[in-house]
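# Structure assessment
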Amino acid sequence: MSEYARRMSTKRKLANASAAFSTVGLLGISAIHFLWASGSPWPAKSQGELAEMVVGNAEDVPTPASSAVVAVGAAGAALGVAGVGGQSGCAVNARRLVGVGLLARGVLGGAVALRALGASEPGRRFRELDRTFYRPLCLVLGGSVLAAARRPPDER
């Protein structure tokens, strides 16, 4: 095997591993949002506590419909990252858009995202969770989605 073929094989393996990791992560996000859309406050004990954790305050409890929209969007993104749509320029660009969106959410933070959605200023608990969990998760998933979104050289 030539050095070029070996490098391309390694890059393809990395892209495939990134796609699998991203797909699982996005499906997990989708599943938990479907759970919330069904009315479950898990992992919180109440809807108010869940709202404090995910949108910053108990007054802005997300509706089941809004949770379902996020669930469907995350599931769609997972399918795209998994390869639905093939390697067309449009499909690859859609994957890149998902990756950039996740990176932007990770860099800008949840307070900025919530303000953009018209929500109230988030409380301490949300800011803590955002700093220690949500932002890093978005950064890792965003980078992984972008690594998976590369078109193989033979398909450019």
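Here, every reference points to the structure presented above.
Residues numbered from 1 in each chain as written. Predicted model: local features only at pLDDT ≥ 70, side-chain atom pairs only at ≥ 80, totals over all residues. Heavy atoms only, no water.

A few words now on the packing of helix H4 (residues 89-108) against helix H6 (residues 124-148). Working note: a packed helix pair is described by the angle between its axes plus the distance between those axes. Put simply, H4 and H6 touch, their axes get as near as 7 Å, and they point 155° apart. When the axes of H4 and H6 are compared, the pair comes out roughly antiparallel. Considering how the two elements wind past one another, H4 and H6 form a crossing that is left-handed. Taken together, the residues of H6 that come into contact with H4 (itself represented by Arg95, Arg96, Val98, Gly99, Val100, Leu102, Leu103, Arg105, Gly106, Val107 and Leu108) are Phe126, Asp130, Tyr134, Arg135, Cys138, Leu139, Leu141, Gly142, Gly143, Val145 and Leu146. For the contact of H4 with H6, the per-class residue count stands at 13 nonpolar, four polar and five charged. (Axes fitted to C-alpha atoms, helices over the stretch in contact; angles between N-to-C directions. Helix = DSSP H or I, 4+ residues; strand = E, 2+ residues; numbered from the N terminus. Parallel < 35°, antiparallel > 145°, perpendicular 65-115°, else oblique. Left-handed = near helix turned anticlockwise from the far one by under 90°. Contact = heavy atoms within 4.5 Å. Nonpolar A, V, L, I, M, F, W, Y, C, P; charged D, E, K, R; others polar.)

There is a patch of like positive charges on the surface, built from Arg7, Lys11, Arg96 and Arg150. Among the residues examined, arginine 96 registers a relative accessible area of 36% and is labelled partly exposed. (Patch = residues over 30% accessible without salt bridge, like charges linked within 9 Å, V, L, I, M, F, W, Y side chains within 5 Å. Areas by Shrake-Rupley, 256 points an atom, 1.4 Å probe, with all protein chains shown as cover. Salt bridge = Lys/Arg side-chain N within 4 Å of Asp/Glu carboxyl O. Lys, Arg positive; Asp, Glu negative; His and termini not counted. Charge placed at Lys NZ, Arg CZ, Asp CG, Glu CD. Buried < 20%, exposed > 50% of the residue type's maximum accessible area, 1.4 Å probe, protein only.)

Before going further, it helps to examine a nonpolar patch on the surface. Taken together, the side chains of Val107, Leu108, Val112 and Leu139 present a nonpolar region at the surface, about 330 Å² in accessible area. Take valine 107: its relative accessible area is 55%, and that puts it in the exposed class.

By themselves these figures say nothing about function.
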